[in-house]
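Working through the structure, step by step
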Amino acid sequence: MSCPWWDPDYKDLIGPEYRSYVSNLPYGTSESALKDAFSSYSPLIAEVAVDRETGRSRGFGFVQFKGQKSLDHAIQGMNGQQIGGRTVSVSKANDRPRRWKA
């Protein structure tokens, strides 16, 4: 068994993530509303960034897809579209660093 914090090749074992970054979301956007907006592209998970103090949306979120093809179609189809009265920007999310507990 490989320990992720010791093994430099561990990232290759977990596989790629197909996530989009969605900015300029209305502050009242929920995760279910974001997932519904992307429903025609078969999203797996939708996450909205929330402020720790107020519990309110921070105006951006992430949507994860099954594969590269779904991600590309979602970016192409949703970039510049309206969600909750605001024009959103959709792009490929940067890979997030893994956090491991020792």
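Shown above is the structure to which this text applies.
In what follows, the accompanying structure is described. It should be emphasised that the depicted structure is a prediction, and the values quoted were computed from it without experimental measurement.

This next bit is on helix 3 (residues 68-78). Within the sequence span of helix 3, burial applies to Leu-71, Ala-74, Ile-75 and Met-78. For helix 3, the buried positions fall inside an angular range of 100° around the axis, keeping them on one side. Relative to its buried face, helix 3 has exposed residues pointing more than 90 degrees away, namely Lys-69 and Gln-76. Packed against the buried residues of helix 3 are strand 1 (18-23), helix 2 (31-37), strand 3 (57-65), strand 4 (82-83) and strand 6 (89-92). In the stretch just after helix 3, Gly-80 is the one whose phi turns positive, near 90°.

In this structure the tally under the stated criterion is 4 aromatic pairs. Judged by centre distance (5.8 Å) and plane angle (45°), the rings of Tyr-21 and Phe-60 are tilted. Here Tyr-21 is found in strand 1, whereas its partner Phe-60 is found in strand 3, with 39 residues between them in sequence. Classification of Tyr-21 as partly exposed rests on a relative accessible area of 29%. Here Tyr-21 and Phe-62 contribute two aromatic rings whose centre-to-centre distance is 5.6 Å and whose plane-to-plane angle is 55°, an arrangement assigned as tilted. With a gap of 41 residues between them, Tyr-21 in strand 1 and Phe-62 in strand 3 connect regions that are remote in the sequence.

Our next topic: the sheet that holds strand 1. The 4 strands lie next to each other as 2-3-1-6, forming an open sheet whose pairing is antiparallel. A strand with exactly one partner marks an edge of an open sheet, and here the two such strands are strand 2 (43-50) and strand 6. Neighbour-to-neighbour, the strand axes of this sheet turn through a mean angle of 25°, independent of strand direction. By the bridge criterion, 6 bridges tie strand 1 to strand 3 in an arrangement that is antiparallel. Each bridged residue has a counterpart across the sheet, and for Ser-23 the counterpart in strand 3 is Phe-60.

With respect to the helices and strands, the residue Gly-80 is situated in the loop between helix 3 and strand 4. You can call Gly-80 partly exposed: its relative accessible area is 42%. Remark: the alpha-carbon pair of Gly-80 and Val-90, spanning 10 residues in sequence, is separated by 7.6 Å. Ignoring any residue separated from it by four or fewer positions in sequence, one finds Gly-80 in contact with Thr-87 and Val-88.

What counts and what doesn't
- Residues numbered from 1 in each chain as written.
- Predicted model: local features only at pLDDT ≥ 70, side-chain atom pairs only at ≥ 80, totals over all residues.
- Heavy atoms only, no water.
- Buried < 20%, exposed > 50% of the residue type's maximum accessible area, 1.4 Å probe, protein only.
- Helix = DSSP H or I, 4+ residues; strand = E, 2+ residues; numbered from the N terminus.
- Arc of directions from axis to C-beta.
- Contact = heavy atoms within 4.5 Å.
- Phe/Tyr/Trp six-rings, centres within 6.5 Å; stacked < 30°, edge-to-face > 60°.
- Pairing = 2+ DSSP bridges.
- Axes fitted to C-alpha atoms, helices over the stretch in contact; angles between N-to-C directions.

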